[in-house]
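# Residue-level structure breakdown
What follows is each chain in one-letter form.
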Amino acid sequence: MERATDVEEFGDAAQAMMDFPVHVVEFSPFVSTAGLLAVGGHAKVMIARVETDPTEIVPVLDLHHDTRITAIGWSPITPRPEGSLASSVIFCTAGGDFKLRIYTAALDDQTSEMVELSGHTDIVNAVSFDTLTGRTLASTGDDHTIRLWNADDAVQLACIQLDSPGTSVIWIPQTPSTPSEPQPEFQKFLAAERQGSVRLFYASAQRQLAGETLRAGRAPLLDADYSDGQVGVVADGRLVRWTLPSSGVAEAADKSAFLESPSCFRWGKARPVYSALGGVDGYQVFGEGHDCILQRRGHCTSLTWHALHNTCCFAVGSTIQIFIA
């Protein structure tokens, strides 16, 4: 399994051919597992290490998945099984059968355990573990709900009704005052809806923060991301941005002349001055001042940034295309 996938130069980027159509790519956003990339296909999930010097994608785990993968989320927890010197990783997938699957995988010996979570009644568009403890999982989808789950025992904790399909759910990172004293009652998350709004919630009471609804003023809203006080969404073909705390006033970028219908957006994790858009007609990377520094044609279904480096991966057909700023 530790054989690098062939990566070829592709203009200002590089690309690796997969043996399956790639629907979802998701870098771990956590320092402890930085550089691990989850790749979701029709009936498969692969975990790989992404090296940047030289550029390589090294598969470390292949798992069968019963259905097409629609979303992937990483847990900050890296448990160490009894008798093992290596840590495991925990991640969650959403499938076309509306189920969530939480995997605990030991990368050194290729073993894994999986627990299914049932409750959603339509396609799940996003899954996300809380960034503080990793013990609460949030999911949202086309059934107009956000669901919170206890990730330890796979029990649903809450079901929050939305006004339209949920497209994104994102935990706002929180640093505990001391490593031994996490404060999950102060955890907040963002939920984006297709009708064009982003709402902020306290996790403990599953209640919306007073007055905290961001309205894009356009729809459909297809994706959202958060980084360092910045909220960005793709709505009606435009990138719309807010700075939190917000009065609700949005800043809308001009409609892209290159992408007719962008559907995914991410801020750079290492440096949020970078961002990327993707859609059915290609993808773009932006640098400081929102200047476009790369654009490519091809149907981009997903994109993700490395936690520590200015490296972005794009799912395009049966390839993973890699850009290093």
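Quick note: structure is the one above.
Attention in this report is confined to the structure presented alongside it.

## A look at the sheet that holds strand β11 (residues 124–129)
- One open sheet accounts for four strands, arranged β11-β12-β13-β14; its pairing is antiparallel. Single-partner strands in this sheet number two, and they are β11 and β14 (155–161). On average, each strand axis in the sheet is inclined to that of its neighbour by 20°, with strand direction left out of account.
- Sheet topology places β11 next to strand β12 (residues 136–141); five bridges connect them, and they run antiparallel. The residue bridging Val124 from the neighbouring strand is Gly141, located in β12.

## Details of the pairing of strand β21 (residues 238–243)
- In the sheet, strand β20 (residues 230–235) pairs with β21 via six bridges, with the strands oriented antiparallel. Among the inter-strand pairings, Val233 is bridged to a residue of β21, identified as Val240.
- Two successive antiparallel strands, β20 and β21, enclose a turn made up of two residues, where Asp236 displays a positive phi of approximately 50°.

## Side note on the sheet that holds strand β5 (residues 44–52)
- Read from one edge to the other, the open sheet built from four strands follows the order β3-β4-β5-β6, with strand pairing classed as antiparallel. Of all strands in the sheet, those with a lone pairing partner are β3 (24–27) and β6 (55–64), marking the two edges. Strand-to-strand, the axes of this sheet are offset by a mean angle of 25°, without reference to chain direction.
- Across five bridges, strand β4 (residues 36–40) lies against β5 in antiparallel orientation. In the sheet register, Leu36 faces β5, and the bridge partner there is Arg49.

## Notes on the pairing of β14
- As judged from the six bridges shared by strand β13 (residues 145–150) and β14, these two strands associate in the antiparallel manner. For Thr145, the partnering residue across the bridge sits in β14 and is Gln161.
- The loop that links β13 with its antiparallel partner β14 comprises four residues; one of these, Ala154, has a positive phi angle of about 60°.

## Here we look at the side chain of Gln187
- By the element assignment, Gln187 lies in the loop between β15 (166–172) and β16 (188–193).
- Note on Gln187: relative accessible area 2%, which makes it buried.
- Contact partners of Gln187, with chain neighbours within four places excluded, come to Asp130, Thr131, Leu132, Trp171, Ile172, Gln174, Phe201, Tyr202 and Ala203.

## Section: the environment of Thr52
- Mapped onto the elements of the fold, Thr52 is located in strand β5.
- With relative accessibility at 30%, the residue Thr52 sits in the partly exposed group.
- Apart from residues no more than four positions distant in its own chain, Thr52 is found in contact with Thr311 and Ile324.

## Quick look at the packing of aromatic side chains
- Under the defined criterion, the tally for this structure stands at seven aromatic pairs.
- Ring geometry for Phe265 and Trp267: centres 5.0 Å apart, planes at 80°, overall edge-to-face.
- Among the aromatic residues, ring-to-ring pairing joins Trp74, Phe91 and Tyr103 into one connected group.

## Brief notes about the nonpolar core
- Of all hydrophobic cores here, the largest spans 17 residues; its most connected members are Leu190, Val198, Tyr226, Val231, Val233 and Trp242.
- Counting only elements with at least two residues in this core, the list comes to β15, β16, β17 (197–202), β19 (221–227), β20 and β21.
- Setting aside residues up to four positions removed in sequence, Val233 forms contacts with Val198, Ala216, Leu221, Asp223, Ala224, Arg238, Leu239, Val240 and Trp242.

## Some details on the environment of Ala43
- Tracing the backbone through its elements, the reader meets Ala43 in the loop between β4 and β5.
- For Ala43, the contacting residues outside a window of four places in its chain are Leu63, His64, His65 and Thr67.

## Describing the environment of Cys159
- Along the polypeptide, Cys159 turns up in strand β14.
- Spatially, the C-alpha atoms of Cys159 and Ser139 are 9.7 Å apart, while their sequence positions differ by 20 residues.
- Residue contacts for Cys159: discarding those within four places in its chain leaves Thr145, Ile146 and Arg147.

## Thoughts on the pattern of salt bridges
- With the rule as written, the count across this model stands at 15 salt bridges.
- Arg194 is the salt-bridge partner of Asp142, the closest N and O atoms lying 3.2 Å from each other. Placement of the pair is Asp142 in the loop between β12 and β13 and Arg194 in the loop between β16 and β17, with a sequence separation of 52 residues.
- Judged by its relative accessible area of 28%, Arg194 is partly exposed.
- Of the charged contacts in the structure, one is a salt bridge between Arg147 and Asp143, with a shortest N-O distance of 3.5 Å. An identical accessibility class is assigned to Arg147 and Asp143; each is buried.
- Put simply, Asp66, Asp97, Lys99, Arg101 and Glu116 are held in one network by salt bridges that share partners.

The rules behind the values
Along each chain, numbering runs from 1 in the same order as the chain's sequence is written. In keeping with the model being predicted, local features are shown solely for residues with a pLDDT of at least 70 and side-chain atom pairs are shown and tallied solely at 80 or more, while totals for entire chains, interfaces and linings include all residues. As a convention, hydrogens and water are excluded, and side-chain values are obtained from all of the structure's heavy atoms. Pairing between strands is defined by DSSP: at least two bridges between the two strands are required. Comment: elements are numbered from the N terminus, with helices defined as DSSP H or I runs of at least four residues and strands as E runs of at least two. Note on definitions: angles span 0 to 180 degrees between N-to-C directions of axes, and those axes are lines fitted to C-alpha atoms, for helices only across the stretch in contact. Only protein chains enter the accessibility calculation, which uses a 1.4 Å probe; a residue is then buried when its area is under 20% of its type maximum, exposed when over 50%, and partly exposed in between. Pairs of residues are marked as contacts when any of their non-hydrogen atoms sit within 4.5 Å. Stacked, edge-to-face and tilted are the three classes for Phe, Tyr and Trp ring pairs, Trp counted by its six-membered ring, which pair at centre distances within 6.5 Å; planes under 30 degrees apart are stacked, over 60 edge-to-face, the rest tilted. Side-chain atoms within 4.5 Å link the members of a nonpolar core, which is a set of buried Ala, Val, Leu, Ile, Met, Phe, Trp, Tyr and Cys residues. Every case where a carboxyl oxygen of Asp or Glu lies within 4 Å of a side-chain nitrogen of Lys or Arg is listed as a salt bridge.

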